[in-house]
Every structure is written in C-alpha cells, then in structure tokens.
Amino acid sequence: MLHYERWKIIAVCASVIIAAILCIPNILPKAQQEVLSNYGLRPMTLGLDLQGGSNVLMEVDRKDLLEQLKLRLPSDTRGVLSSARIAYSDIKRTATGVSVNISKPEDMAKAKEQLQTLLQPQQGSLLSGGIQLNLFTLETLPSGYALNVSETGLDARVARAIQQSLRIIENRINALGTTEPVIQQQGADRIAIQLPGVQDPDKVKDLIGKTAKLTFQLLCEDQPGGAAQLPPPECRAYPLKEDVDKAVKAKAEEASLTPQELEKLPQLWVQTSSRATVDGADLNDAQPAFDQNNRPVVTFRFNQKGALRFGKLTSENVNKPFAIILDNVVQSYPVINEPILGGTGQISGQFSTEETANLAIVLRSGALPAKLTIVEERTVGPSLGADSVR
C-alpha cells in the first residue's frame, strides 16, 4: 500500500485549489471578469490562432519618404548660401535632390563648405556595420553643385523610421484597448501586426496607417488662378479637406483617392521654407472637443520649443493666412488675427465626433516618420482555435 507524507498531500491539494481559483475567470461573464481583475484574477488571453483576428503587413513607402526629404532642399540651399553672402542662380529640383549654379567661380570653395552643412549625417544600420552615413551627397557640377539623397542614407532613414513606427503603432493600438497585440519588424522595411479578436479591422487599419503629419504653414502670396498650374519653387500645392471629402463621397467604389485624382482638385499653395513652418512633432497633447458653435474640433498644446516657434510665426505674420495641414490635406486656413503665445490652439474642419477622437489618438501618439502602405492583409478565423478551446 502506497503511503504519502502529509505535507505532500497538503501541497498537492493546495496546488489543485489554487489552479482551480485561477481558472475561474475563464468561465465567468465579462462583467464579473472585470471585478475579479481588480484582485489579480484575469482570464487566459487567447492569441490570434485561438480567437481569430487580423494580420496586417505594412511597408515603408520609400518613394513618399524620398519626396519628403527633397521637399525643403531648395529653401535650405537658398538659406545657407544667402547667409554666407554667396551669389547663386538657377536653383532646380532634380529627380533625387536639387542643383544650384554659383555665380562667381571664386565662391565655389566657400559654397561647398556651406552646402556640406546640409548633408545630415545618419547612424547606419547593423547591416551596414553601424558606420555613420550622410543622408545627402554633394556633387560638383561645372558651374555649381548638386545635393542628392543617397541610397545608403535613405536606407538608414528607412531603418530609423521602422524603429520609430513600431513604438508609435504600439501606442495607438494600446489606446484602443486591444489585448495582446503582436507588433514586430519583418525584413528591412516592413512591420507585421497581429490583432487578436479585432471585430473592426478597417478602423484599426485606418488608425495605424494614418501618418498624422501635422504642420502649420504660411500661405504663398501667389495662389493658383486656374487648373494645372505649377507652384513657385518655395511653395507646394495641397488640396482642401472639404474638396477631398466630396470627391471621396462621389467615388463610391473606394474609400480613398489616388495622387492623380488629388492633383485635379482645387489647390492651395503654401510655403515650404522652415521659417514659415511649425512642425506638429512638438505637440504635447491633443484632445477631442467642441468649439463655441458645438462643432467637433481637436484642441492641441505644444511643448516649450513648439510654443516658442508657434508664437514667433504668428507674431511675425499678423493678418496673414496660414494653413493647418494634416497628411498633405489642408484642414483649414484661418487668418492670424493676433499673436498666439500660449502654445495652444484647435484644429477645425468638417470632422465627425469619431474622427476627432481618432485624430486626437494619433496626434498624441506622434506622427509616423514615414507613410506606411498595406501590402498584405489576412483575416484569421478562429475555427482551429475553437476546437482547441473546447
């Protein structure tokens, strides 16, 4: 006859009782599960294979990132040459950057020294040995110089954008209350996202895919008088939100517009110079709210650096219009009636209450450093997991 010591029997019984208590939340209704969670008793979290959900693969849009890097090159080039009192002419945009002619041959060496300050050193990835790379290259031309985005520098910027995007996407998904999401890098320029139990994947895709790049930019003095006009060198054309919304509504088969369709909409020209721009990356907080006419808006607050820049921009441009631009669409373009020195403001437009709530989430979590496109989307059914659970 087998004989067990008393302490072993007590230990086995205690283990069984504790295991049974820990399993209780799995068979209770959700309301009672929330009560028990206050005491540390939580149900087992089912992953994507057990309860189904969405599996999304996103990729950094290298072409869009390249365009963003090239955008301020003309104004930056003009700025460093003007500050050094170097005569120049004929600044032109190129496929990978910008070219400039130096008027006096004796200024070539001095111009090269000044333009080298724009090369923007980048920390290379582990694949490149972690060595420092320049984002731009400086090429000598017969009568000037060309600044071009380098391939190795662009690769380093993509790698940095992936690391930043992982953190930002995680913050956005956590704000929705999604349990046990899996967010990880795949390859050099892709992010794999698994969202167990998500019932509305389109809403989540819109939230995590929105770049949420917010800028405040002065309008150009000249504005387009007709269709198919090109903006001046230091200006860029953007469509208005109300026109984009109308075009999307009329295009019933899709929920977005192609770049070619956006170009056909009425445009506003805004200045791209850093002197005429305040970046939304300096936002401290953003919240959904209502204005005095009870229309949904998003209120925002800058950090100290952003508040100083915003105050300087509005102080120097009273009675001038400036555009509030979100993801390359002009939300509104109010006139600066007086300096805005408190570092706070609001973004108005034709928003719904749900849109302001989602916009506040993405602004609080920060703007994605680059546009992400969905290259693969799969909805995983819970049939195999349901068998395992049973």
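**What to know about the packing of aromatic side chains**
Consideration 1: Under the defined criterion, the tally for this structure stands at eight aromatic pairs.
Consideration 2: Through successive ring pairs, a cluster of aromatic residues spans Phe216, Phe300, Phe302, Phe310 and Phe322.

**Quick look at a nonpolar patch on the surface**
Consideration 1: The grouping of Ile17, Ile21, Ile24 and Ile27 at the surface amounts to a nonpolar patch, some 390 Å² of accessible area in total.
Consideration 2: Within the secondary structure, isoleucine 21 is located in helix H1 (residues 6–23).
Consideration 3: By relative accessible area, isoleucine 21 is classed as partly exposed at 39%.

**Some remarks on the sheet that holds strand E18 (residues 344–347)**
Consideration 1: Taken in spatial order, the three strands line up as E14-E15-E18 in an open sheet, and their pairing is antiparallel. Strands with a single pairing partner mark the edges of an open sheet, and in this sheet they are strand E14 (283–290) and E18. The average angle at which neighbouring strand axes cross in this sheet is 25°, direction not considered.
Consideration 2: With seven bridges connecting them, E14 and strand E15 (residues 296–302) associate as antiparallel partners. Of the residues in E15, the one forming a bridge with glutamine 287 is threonine 299.
Consideration 3: Each of E14, E15 and E18 is contacted by helix H12 (residues 353–365), which is oriented at about 170° to E14, the strand it contacts most.

**What about unusual backbone geometry?**
Consideration 1: Within the chain, glutamine 120 stands out as a residue other than glycine whose phi angle is a positive 55°.
Consideration 2: Mapped onto the elements, glutamine 120 comes out in the loop between helix H6 (108–115) and strand E4 (121–123).

**Considerations on the nonpolar core**
Consideration 1: Among the nonpolar cores identified, the biggest contains 42 residues, and Leu81, Leu115, Leu147, Ile169 and Ile193 are the most heavily contacted of them.
Consideration 2: Here this core gets eight residues from one element, more than from any other, and that element is helix H7 (residues 151–175).
Consideration 3: If near-sequence neighbours (up to four positions away) are discounted, isoleucine 193 is found in contact with Ser54, Asn55, Val56, Met58, Ile169, Ile173, Val182, Ile183 and Ile208.
Consideration 4: Core analysis: the second largest hydrophobic core is formed by 26 residues, Phe216, Phe310, Phe322 and Ile324 among them.

**Some points on the sheet that holds strand E17 (residues 329–332)**
Consideration 1: As summarised here, the arrangement of the four strands in space is E13-E10-E16-E17, forming an open sheet in which the pairing is antiparallel. Here the strands that pair on one side only, and so sit at the sheet edges, are strand E13 (277–279) and E17. In this sheet, adjacent strand axes meet at a mean angle of 30° when their direction is disregarded.
Consideration 2: Pairing of strand E10 (residues 214–218) with strand E16 (residues 322–326) involves five bridges; the strand directions are antiparallel. Paired with phenylalanine 216 across the two strands is isoleucine 324, which belongs to E16.
Consideration 3: Sitting on the sheet, helix H11 (residues 304–316) is in contact with E10, E13 and E16, with an inclination near 160° to E13.

The rules we used
- Residues numbered from 1 in each chain as written.
- Predicted model: local features only at pLDDT ≥ 70, side-chain atom pairs only at ≥ 80, totals over all residues.
- Heavy atoms only, no water.
- Phe/Tyr/Trp six-rings, centres within 6.5 Å; stacked < 30°, edge-to-face > 60°.
- Patch = residues over 30% accessible without salt bridge, like charges linked within 9 Å, V, L, I, M, F, W, Y side chains within 5 Å.
- Areas by Shrake-Rupley, 256 points an atom, 1.4 Å probe, with all protein chains shown as cover.
- Salt bridge = Lys/Arg side-chain N within 4 Å of Asp/Glu carboxyl O.
- Helix = DSSP H or I, 4+ residues; strand = E, 2+ residues; numbered from the N terminus.
- Buried < 20%, exposed > 50% of the residue type's maximum accessible area, 1.4 Å probe, protein only.
- Pairing = 2+ DSSP bridges.
- Axes fitted to C-alpha atoms, helices over the stretch in contact; angles between N-to-C directions.
- Contact = heavy atoms within 4.5 Å.
- Core = buried A, V, L, I, M, F, W, Y, C linked by side-chain atoms within 4.5 Å.

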